[in-house]
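Structural features, examined
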Amino acid sequence: MYKIFANTLFTGRQLVFVPECHSTNSLASELASKSVLSEGSVIITSNQTAGRGQRGNTWETAAGMNLTFSILLKPTFLSLKSQFYLTIITSLAVADFLKEQSIEEVKIKWPNDILASKKKICGILIENSVQQETIHQSIVGIGLNINQDNFSSPSATSLAIVAKKTFDLNDALNSLLEKFEKRYLQLRGGKLAELKSEYLENLFGFGKSQSFISNGKEFEGTIEGVDETGELKVSDNGIVSSFKLKEIALKY
Ligand code: BTN
């Protein structure tokens, strides 16, 4: 069903398509443990029946309508303390793709939800395996809503809804893989500062006062940035605190 014509060096060169699976991230991990999958291998399905999301959530997607796939990476060049850069490059690659498709108001909601006009259009789940302080394997799972025109959640959207047309899934995959590899090569080339500043430029609510919930309490704060480990730095009355994923939610 999928055919790679992307102009990439390694991303998508090896493609595993299964008509149905529970989770492409789980399948990628299973396959990588049993066989030799080269860096950039893509595991993709048309019908993901038990997709996994962040914070232990599930990822719901209509069969045959959207992109649900995982990219296997071997980022051994990346220090453990810089693993958040995998989140940065994946978010930027999806944002690059959406902007190229003329999707308006594309933003990254920390850490890696991708929004279009304030609604979630893409979710990312990155699972790293660490051995002796090295990230020897990373599975980058991407769920991008393409042609689904109906969601149970009012805060979800798709390319088809915002652009009012249908998209070719294979073209979208190829284009996204190109964007991904470009960003990954930037990371491999050590362009950390540039990547971080582009991530912040695209970060929803960066530098603006807005409402957050932490520890059951709502407060007004301002996103000041993210630290090296990916924690969100929020200032509240002049005091800057760092938050992990489970510690804070942005009201939007
Ligand atoms: C989230 O926003 O909570 C992250 C959702 C990630 C979904 C993708 S779909 C492909 C890959 N396989 C999974 O089981 N999850 C990711």
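Structure shown above.
This write-up is about the structure you can find in this document. (Residues numbered from 1 in each chain as written. Predicted model: local features only at pLDDT ≥ 70, side-chain atom pairs only at ≥ 80, totals over all residues. Heavy atoms only, no water.)

Turning to the nonpolar core, a few remarks are in order. Leu67, Phe69, Leu98 and Leu144 are the most contacted members of the largest nonpolar core, which totals 60 residues. Here this core takes 11 residues from helix 2 (residues 84-100), the largest share from any one element. The residues contacting Leu67, other than those within four sequence positions of it, are Tyr2, Ile44, Ile142, Gly143, Leu144, Ile146, Leu169, Ala172, Leu173 and Leu176. Of all hydrophobic cores here, the second largest spans nine residues; its members include Val18, Leu27, Ala28 and Ile139. (Core = buried A, V, L, I, M, F, W, Y, C linked by side-chain atoms within 4.5 Å. Buried < 20%, exposed > 50% of the residue type's maximum accessible area, 1.4 Å probe, protein only. Helix = DSSP H or I, 4+ residues; strand = E, 2+ residues; numbered from the N terminus. Contact = heavy atoms within 4.5 Å.)

What follows is about the packing of aromatic side chains. Aromatic ring pairs are defined here through the distance separating the ring centres and the angle between the ring planes. Applying the stated rule across the entire model yields seven aromatic pairs. Geometrically, the ring pair formed by Phe84 and Tyr199 is edge-to-face, given 5.7 Å between the ring centres and 85° between the ring planes. Highlighted residues: Phe84 in helix 2 and Tyr199 in helix 5 (residues 192-201), separated in sequence by 115 residues. Here the two residues Phe84 and Tyr199 agree in accessibility, since each one is buried. In textbook terms, an aromatic cluster arises when at least three aromatic residues are bridged by ring pairs, as seen for Phe10, Phe77, Phe180 and Tyr184. (Phe/Tyr/Trp six-rings, centres within 6.5 Å; stacked < 30°, edge-to-face > 60°.)

On to the pairing of strand 5 (residues 67-73), then. Of all seven residues that make up strand 5, seven are buried, and the element is covered over most of its length. Side-chain alternation along strand 5 places Leu67, Phe69, Ile71 and Leu73 on one buried face and Thr68, Ser70 and Leu72 on a second face that is also buried. Across four bridges, strand 2 (residues 42-48) lies against strand 5 in antiparallel orientation. Within the sheet, the bridge partner assigned to Thr45 lies in strand 5 and is Thr68. Where strand 5 meets strand 9 (residues 134-144), seven bridges bridge the pair, whose relative direction is antiparallel. Bridged to Leu72 within strand 9 is Ile139. (Pairing = 2+ DSSP bridges.)

Now for unusual backbone geometry. Comment: phi is negative for the bulk of residues other than glycine, and the bulk of peptide bonds are trans. A cis amide bond, omega 0°, links Trp110 with the succeeding residue Pro111. Inspection of the secondary structure assignment puts Pro111 in the loop between strand 6 (106-109) and strand 7 (113-116). Despite not being glycine, Glu133 shows a phi value in the positive range, around 65°. Turning to its location among the elements, Glu133 is positioned in the loop between strand 8 (119-131) and strand 9. At Asn215, a residue that is not glycine, the phi angle is positive and equals roughly 55°. For Asn215, the location among the structural elements is in the loop between strand 10 (209-214) and strand 11 (217-226).

Another aspect to go through is the site of the ligand. Surrounding the ligand, one finds 20 residues, the nearest of these being Ser23, Gln48, Arg52, Gln54 and Lys120. Ser23 is positioned such that a nitrogen or oxygen atom in its side chain is 2.7 Å from an oxygen atom of the ligand. For the ligand, the protein covers 98% of the area, taking 410 Å² as the surface of the free molecule. If you list the elements that add at least two residues to the shell around the ligand, you get helix 1 (24-34), strand 3 (51-52), strand 5, strand 8 and strand 9. The greatest single-element share of the shell around the ligand, amounting to four residues, is contributed by strand 8. Along the lines of polarity and charge, the residues of the shell around the ligand split into five nonpolar, 12 polar and three charged. (Near = heavy atom within 4 Å. Polar contact = N/O pair within 3.5 Å; in protein donor to acceptor, adjacent residues only side chain to side chain. Areas by Shrake-Rupley, 256 points an atom, 1.4 Å probe, with all protein chains shown as cover. Nonpolar A, V, L, I, M, F, W, Y, C, P; charged D, E, K, R; others polar.)

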